[in-house]
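Residue-level structural notes
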Amino acid sequence: QSNQQNNWEPPKATPFQSNMPFQDKRPQLEPATNAKYTCRFDIQIENDRDFQVARKLIGAKGANMKKILERCASNSNGLPVQEVVKLRLRGRGSGFKEGPMQMESDDPLHLCISSRFYERYVLACHWTQELIKNVYDEYKKFCERAGKNPPVDLQIKKVENASGRRSI
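The structure presented is a predicted model; accordingly, all values stated were derived computationally and were not measured. (Residues numbered from 1 in each chain as written. Predicted model: local features only at pLDDT ≥ 70, side-chain atom pairs only at ≥ 80, totals over all residues. Heavy atoms only, no water.)

**So, the pattern of salt bridges**
- Scanning the entire structure with this criterion turns up 6 salt bridges.
- Here Lys56 ties to Glu138 by a salt bridge, and the two come within 3.4 Å at their closest N and O atoms. Here Lys56 is found in helix α2 (residues 53-58), whereas its partner Glu138 is found in helix α5 (residues 118-146), with 82 residues between them in sequence. Glu138 shares its class with Lys56; the two are buried.
- Here Glu160 ties to Lys158 by a salt bridge, and the two come within 3.6 Å at their closest N and O atoms.
- Salt bridges sharing partners connect three or more residues here, namely Glu46, Arg92 and Asp106. (Salt bridge = Lys/Arg side-chain N within 4 Å of Asp/Glu carboxyl O. Helix = DSSP H or I, 4+ residues; strand = E, 2+ residues; numbered from the N terminus. Buried < 20%, exposed > 50% of the residue type's maximum accessible area, 1.4 Å probe, protein only.)

**Section: helix α3 (residues 63-73)**
- Those residues of α3 not exposed but buried are Asn64, Met65, Lys67, Ile68, Leu69, Cys72 and Ala73.
- Asn75 lies just past α3 and shows a positive phi near 55 degrees.

**Description of the nonpolar core**
- By size, the foremost hydrophobic cluster in this structure holds 35 residues, and its most contacted members are Val53, Leu57, Ile113 and Tyr121.
- For this core, the secondary-structure elements that each account for two or more residues are β1 (36-42), α2, α3, β2 (86-90), β5 (110-115) and α5.
- Considering each element in turn, this core owes the most residues, 14 residues, to α5.
- Setting aside its immediate chain neighbours within four residues, Leu57 contacts Ile43, Asn64, Met65, Leu89, Leu131, Ile132 and Val135. (Core = buried A, V, L, I, M, F, W, Y, C linked by side-chain atoms within 4.5 Å. Contact = heavy atoms within 4.5 Å.)

**As for the environment of Ile113**
- Relative to the helices and strands, Ile113 resides in strand β5.
- You can call Ile113 buried: its relative accessible area is 0%.
- In sequence terms Ile113 and Arg40 are 73 residues apart; their C-alpha atoms lie 6.5 Å from each other.
- Discounting chain neighbours no more than four positions away, the residues touching Ile113 are Tyr37, Thr38, Cys39, Phe41, Val85, Lys86, Leu87, Arg88, Tyr121, Ala124, Cys125 and Thr128.

**Notes on unusual backbone geometry**
- Located in the positive-phi region is Lys61, a residue other than glycine, with phi close to 55 degrees.
- Summarising the element assignment, Lys61 is placed in the loop between α2 and α3.
- The class for Lys61 is exposed, based on a relative accessible area of 79%.
- Even without being glycine, Gln102 reaches a positive phi, approximately 50 degrees.

**Some thoughts on the environment of Ile43**
- The topology assignment puts Ile43 in the loop between β1 and α2.
- For the pair Ile43 and Ile132, spaced 89 residues apart in sequence, the C-alpha separation works out to 7.9 Å.
- With residues near it in sequence (within four places) discarded, Ile43 still touches Val53, Leu57, Leu109, His110, Leu111, Ile132 and Tyr136.

Set out below in structure tokens:
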């Protein structure tokens, strides 16, 4: 079994130094007025006993999620990390029980991100995308070693939404 999920590190440079389409000019951690930024990454691998994609995404004891959250919450003026950005793994294989019946959703596995802080939302999306790419690469290698046909169309599938108004 690979330890790649324990060794994953988010990129050191912020995406603002490279090819990000928008750089927020507001003071650090000023929330957008009545706005909430959300996205959903559909994980295109079924969670199974052999590969355990949900565990690979979360990392040992939540290490991968914690790394992303810590990076996004740095210099947050004392705000608790859960108020800066939220990451949630949901759907089949996530292990999250919801609703009055406390059952796992039958939706495909997906990872959701939300934040009121646009710049932190962008960072969380970037680092989550890097993590998913790494897991997809690991899955392709796993399939090759196991004699399975690796999926040829694994790609990042992301749906974004903003609610409320954003002040610029």
